[in-house]
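# Observations on the model geometry
Single-letter residue listing:
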2 protein chains.
Amino acid sequence: MIQSFIAEGGPDAGRAALPRLRTELAARGLDGFYIPHEDEWLNEYLPACAERLAYATGFTGSAGAAVVLSDKAALFADGRYTLQAQTQVDTELFEIVDLVEVGVGAWLREHLKAGLTVGYDPRLSSPDSLAKLEEAAEAVGARLVAVETNPVDAIWTDRPAPPRARVTAQPEVFSGESAADKRARIGKAIEETGADLAVLTSPASLAWLLNIRGGDVPRTPLPLGAALAHADGSVDLFIAPEKVDDAARAWLGNAVALHDEAAFGPALAGLGGKTALADPASAAASVFRALEAAGATVKRAPDPCILPRACKNEVEIEGTRRAHLRDGAAVSRFLAWFDAEAPKGRLTEIDVARALEAFRRDTGELVDLSFDSISGAGPNGAIVHYRVTEPTNRPVGDGELFLIDSGGQYRDGTTDITRTIAVGAPTADMRDRFTRVLKGHIALSVVRFPKGTTGHQLDVLARMALWQAGLDYDHGTGHGVGSFLGVHEGPQRIARAANAQALLPGMILSNEPGYYKTGGYGIRIENLQVVTPLADVPGGERQMMGFETLTFAPIDRRLVEPALLTEAELDWLNAYHAAVRAKLADRLSGADLDWLIAATAPI
Amino acid sequence: MIQSFIAEGGPDAGRAALPRLRTELAARGLDGFYIPHEDEWLNEYLPACAERLAYATGFTGSAGAAVVLSDKAALFADGRYTLQAQTQVDTELFEIVDLVEVGVGAWLREHLKAGLTVGYDPRLSSPDSLAKLEEAAEAVGARLVAVETNPVDAIWTDRPAPPRARVTAQPEVFSGESAADKRARIGKAIEETGADLAVLTSPASLAWLLNIRGGDVPRTPLPLGAALAHADGSVDLFIAPEKVDDAARAWLGNAVALHDEAAFGPALAGLGGKTALADPASAAASVFRALEAAGATVKRAPDPCILPRACKNEVEIEGTRRAHLRDGAAVSRFLAWFDAEAPKGRLTEIDVARALEAFRRDTGELVDLSFDSISGAGPNGAIVHYRVTEPTNRPVGDGELFLIDSGGQYRDGTTDITRTIAVGAPTADMRDRFTRVLKGHIALSVVRFPKGTTGHQLDVLARMALWQAGLDYDHGTGHGVGSFLGVHEGPQRIARAANAQALLPGMILSNEPGYYKTGGYGIRIENLQVVTPLADVPGGERQMMGFETLTFAPIDRRLVEPALLTEAELDWLNAYHAAVRAKLADRLSGADLDWLIAATAPI
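Summary of the structure given here. (Residues numbered from 1 in each chain as written. Chains lettered and ligands numbered in written order. Predicted model: local features only at pLDDT ≥ 70, side-chain atom pairs only at ≥ 80, totals over all residues. Heavy atoms only, no water.)

## Observations regarding the sheet that holds strand β15 (residues 366-369) of chain A
Residue and element names in this part refer to chain A. Put simply, the rule reads: Two strands make a pair as long as DSSP finds a minimum of two bridges between them. The helix and strand labels rest on DSSP assignments: H or I over at least four residues marks a helix, E over at least two residues marks a strand, and numbering proceeds from the N terminus.
Across the sheet, which stays open at both edges, the 3 strands sit in the order β15-β18-β19 with antiparallel pairing between neighbours. The open sheet is flanked by β15 and β19 (413-414), the only strands paired with a single partner. Judged from the 3 bridges that link them, β15 and strand β18 (residues 408-410) form a sheet pairing that is antiparallel. Following the sheet pairing, Leu369 is matched in β18 by Gly408.

## Side note on the sheet that holds strand β20 (residues 417-422) of chain A
All names here are of chain A. To be explicit about the condition: Lines fitted to C-alpha atoms define the axes, with helix axes restricted to the stretch in contact, and inter-axis angles between N-to-C directions lie between 0 and 180 degrees. Whether two residues are in contact is decided by their heavy atoms: any pair within 4.5 Å suffices.
With antiparallel pairing, the 3 strands of this open sheet are ordered in space as β16-β17-β20. In this open sheet, the two strands that pair with only one neighbour each are β16 (374-377) and β20. Pairwise comparison of adjacent strand axes, ignoring direction, gives a mean angle of 10° for this sheet. The pairing of strand β17 (residues 401-406) with β20 spans 6 bridges and is classified as antiparallel. Paired with Leu401 across the bridge in β20 is Ala422. Each of β16, β17 and β20 is contacted by helix α15 (residues 349-361), which is oriented at about 45° to β17, the strand it contacts most.

## Examining the pairing of strand β28 (residues 544-549) of chain A
All names here are of chain A. Selection rule: Here's how the labels work: a residue is buried when its accessible area is under 20% of the maximum for its type, exposed when over 50%, partly exposed in between, all with a 1.4 Å probe on protein chains only.
Counting buried residues in β28 gives 5 out of 6 residues, a clear majority hidden from the surface. Two elements, strand β21 (residues 449-450) and β28, share 2 bridges in a ladder whose sense is antiparallel. Following the sheet pairing, Pro450 is matched in β28 by Met544. Strand direction decides the pairing type here: strand β27 (residues 527-533) and β28, joined by 5 bridges, are antiparallel. In the strand pairing of β28, Val531 is matched with Phe547.

## Overview of the interface of chain A and chain B
So the rule is basically this: Accessible area, probed at 1.4 Å, shrinks when two parts are joined; the buried area is that loss added up over both. Note on definitions: salt bridges are taken to be side-chain nitrogens of Lys or Arg within 4 Å of carboxyl oxygens of Asp or Glu. Distance and chemistry together define a polar contact, namely a pair of N or O atoms within 3.5 Å, with one atom able to donate a hydrogen and the other to accept it when in protein, and with adjacent residues in sequence counting only for side-chain atoms on both sides.
The interface of chain A with chain B comprises 33 residues on the first partner and 33 residues on the second. Interface area, chain A with chain B, both sides summed: about 2,600 Å², of which 51% is carbon and sulfur. Looking at the side of chain A facing chain B, the largest losses of area belong to A:Gln457, A:Trp467 and A:Arg542, adding up to 24% of the total buried there. Counting the contacts that link chain A with chain B gives 4 salt bridges. Taking the shortest distance from any N to any O, the salt bridge between A:Glu541 and B:Lys517 comes out at 3.7 Å. Put simply, chain A and chain B have 16 residue pairs in polar contact (both at pLDDT 80 or more) between them. For the side of chain A that touches chain B, the secondary-structure elements that each account for two or more residues are α16 (428-446), β21, α17 (455-458), α18 (464-468) and β25 (514-517) of chain A.

## A closer look at the pattern of salt bridges
Overall, the coordinates contain 96 salt bridges over all chains when judged by the stated rule. A salt bridge links A:Asp128 to A:Arg300, with the nearest nitrogen and oxygen atoms 3.5 Å apart. Within this pair, whereas A:Asp128 is found in helix α5 (residues 127-139), its partner A:Arg300 is found in strand β14 (residues 297-300), the two being separated by 172 residues in sequence. Look at A:Arg300 and you get partly exposed, because its relative accessible area is 45%. Residues B:Glu134 and B:Arg289 are paired through a salt bridge, measuring 3.5 Å at the closest nitrogen-oxygen approach. You can see B:Glu134 sitting in helix α5 (residues 127-139) and its partner B:Arg289 sitting in helix α12 (residues 285-294), a full 155 residues away along the chain. Each of A:Glu40, A:Arg52, A:Asp121, A:Arg123, A:Asp153 and A:Arg159 takes part in salt bridges that share partners, so that together they form one network.

## Let's talk about helix α1 (residues 11-27) of chain B
Residues and elements named next belong to chain B. Keep this limit in mind: How far a helix is expected to stretch is found by multiplying one less than its residue total by 1.5 Å. Think of it this way: the bend at a residue is just the angle between two axes, each fitted to seven residues, one set ending at that residue and the other starting at it.
For α1, which comprises 17 residues, the first-to-last C-alpha distance of 25 Å matches the rise-based estimate of 24 Å (1.5 Å per residue) to within 8%. By the largest-angle criterion, Ala17 marks the main kink of α1, which is about 30°, and a proline, Pro19, follows within four residues. Considered for burial, the residues of α1 that qualify are Gly14, Ala17, Leu18, Leu21 and Leu25. At its buried positions, α1 is contacted by β1 (32-36), α2 (52-57), β2 (65-69), β3 (73-77) and α6 (151-155).

## So, the nonpolar core
Definition in use: Joining through side-chain atoms within 4.5 Å is the link that ties buried Ala, Val, Leu, Ile, Met, Phe, Trp, Tyr and Cys residues into a set, and such a set is a nonpolar core.
A:Phe334, A:Phe338, A:Leu458, A:Phe547, B:Phe338, B:Leu458 and B:Phe547 are the most contacted members of the largest nonpolar core, which has 156 residues in total. In this structure, A:Phe338 is in contact with A:Pro343, A:Leu347, A:Val352, A:Val396, A:Phe402, A:Ile421 and A:Val423, ignoring residues within four places of it in sequence.

By themselves, these observations are geometric and do not establish any function.
Written out as structure tokens, the structure is:
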């Protein structure tokens, strides 16, 4: 199995680490230390050796930070993780602080005293995030200083070795564009900004640009490393040599010069006189400081690979369609299994997650999950970022809703789908809420929009039907998705928050409105969809775009209240189910096929 | 009459001014000069003495800028004004440059040479806008320098005298809150930011805070001046003494110390050691420099009056309701008159604007128009910022649409309404487009939304029906409106562009989707509406808000295609018209009343 259900982290970690860390800090003459969740690549998923925040505090959420002072310490987590933080961290040792509402800067302003010196590791934070902390420290007469080596690493005696997964080729049959062509166009883009080269520290950019994948972090096939991409299309790649075998070396070709990771710092130091593009959102402060120390001119601009990577080409889209049909068949088999097994009353959340993973593995093409499945029964479904572990594992109960959000990494595409399933007879409220979420999902599926439209404009479409009933959900509606890369990928996004990035053809986004009744149940309906230029509307004047749905698996008809749907919405649902049946029928057989036919019958 | 229809500006202005300005610049050792549209108060409407851009170039648009170099000059205008700029400016002398797509900075970067010195008046630009220009000049080795006196003023021999309109009281019966209470709460807000005082340079803030109005600029009752608002609630007001008579002096009271305008600079110079809040969006660079030179600590933050001013209290809302009924009756009488006169074929756009103004003046309470009426027949209606003048005046033709966007300034409220009227039989296309615009207007009228919702989230509701037909409009959907103050007022806005300001109870916004067929016709439907907390929806969980419509006047039923409306939309239209009839019937009589009854009949 890929997914583990062992509860990680917990208060013992911080209890053990904190006194040792304080001793280490004292020995270095530091009055405190700042520990962000981020690693050297400012990644979402970290290799085990970079789980410094978990080691020092016990908190394993996917975002957060800690500050350790000599007499107090704080763990910062956002609203998604405050409950989890309360259970994973010893609250006698760590104050739990809201990362968004309060923030590290405000906490430092309140608790630092004049003359104190707090250390930070400049490899683990963007210059922008550090600037706020520096400002806070200065405001009270304290000082933030960069450390040469990380004190958490110094006390981490059983620290796992860094990952050394082999780099593999992502051939053109999946990537749709040769690495040479990508290097040439990125080189040209770099030249057009007036820079000589770009410093690329995002592993996803390396993967996309060089048509390679890796296995250094869980759930995303990233090769950890860094690169200098030059205006002439050549690339210096800094990566542990044991990851690159002869085949990979041949695949990368002569225009990609290979260097050990350790050579990255000296390479930056040699850029005096050059103009180097670096992205303050994805490169660490240490990169900017090294460039400045070298006498390079630093051009702060978005990583030039981000937008080209987000706009999938026709080969990538075709691959994603294929991956979704394969994945949709596996999910449908799973849903058929669930409908047969759940009424027997013996399933738990872990059983369900295991079964779904098994159906995906049965395809023979699953490389990894794209994230740990969120498998929530009843009230656990209302916890938006729930991750089931043995201590929280809940039986699937009659009369409850079951929410499962999951996805697969296939060589030809990355999937992400959420379905909410009725176990036994749903209540009228459940059907009402589910149908409102479905109305939002449909509105965001059928919308037609002009060039220049951004995600913050469309978000309301997914919420309207809930708003009419005085309801809402507290998460974004859509995130970007990669092509056999990250299941969360920018710059596009559909959310309330402002986002300046226009939606462009080829961008893949999730469409996942939800509703959560705390202590009761959770509902979410999620398909992926790709931005598509539309043929001209007769009489129309603007080039319009729309979405093509990529995800095909039944939506639970037992939770739909047809009286709440307009005729057009009902037509959408029936057409969607007809498409699900047409696309998946020849991939299923026997009882699974019978189930599919019933589950996709028109309403 | 208030509105003038004389064509202003024109190429002769620039032809006369440009050589004289160049001589003046040469005498001062400057190689160029930057002339923004803005005045010392960064106002939308300028007093005649501050129309420097019009004097130097001939361009009279409400936004823009010019740069004059020794051998070339450029006039910058945004998309709304590019056509107007072509006709008002001698294009042999001025290159017309897109203010948004290119911008002043990019133009400077291309045309400045190393060693050149370009002057600017630091009283006329915000520090943020100047920073971009300075960066551009530095990038090519040129220099931007502040001038002590404006060279345009130096060559402007017949420059009008500065306005000296009397300050009048805005009593609590209209303002709903005493100036003493406002000063106390703004003082507290200033204290909470850690500042000792706020520098207020926005005349609208002075007007709101001190419960006064003025008459120094057209269309908005602003008193030009500046103030220091102190944390203890006292205020130093800097204003030309002839504007403040004994009654106004008594109204302002002892906590407001009066000073001549000329004392403002020295007062800033005396703030050494203080912490002064100043708003980089509304205060000029000269203010920031004076504070820095004085040794004050500058706190850059929004003008503390902006948000309280935007959230109208119950007295202001009630006044606005009253103003809208009065205005709606005048507009209805006008619409009845138009329907009777237009078919005779003798009306022109100017006749129509004059008639509407006369109906408003007939109320006996009109203080000013809230802006010059946009009165456009046929294709002129498709010019979004059309302002009719004698040379462009067009007859009202049969089979055309007529668009009229207008508003009044009343002591109890500011109005703004757009109606589109069919003259003779409209085409099927006109009815289709009108009905789609109406669907958008209705969607934005009935929406229910949770706390924290911003205008960029709601904008799409007004566009959806047009998008479905491949159509759109290129302007925002809603702007804030003042209470006997500016008809355009922030910080709230409903538009595609990101806007971080949540919609709050008491904020008044326009709801004005449109459609424009270039060379054909223009459609816009505009009502004002106020944000209102809603009673809890049964079963709902969130505090929701909605809009109360403030504007009451018939929407042309002849342009509505009922087949395109949902039942709920048709219900809205019929209910709106029933309300129009109920609210206005006793204000009309005879033929006007007969017209109203017919115009508000259910469909």
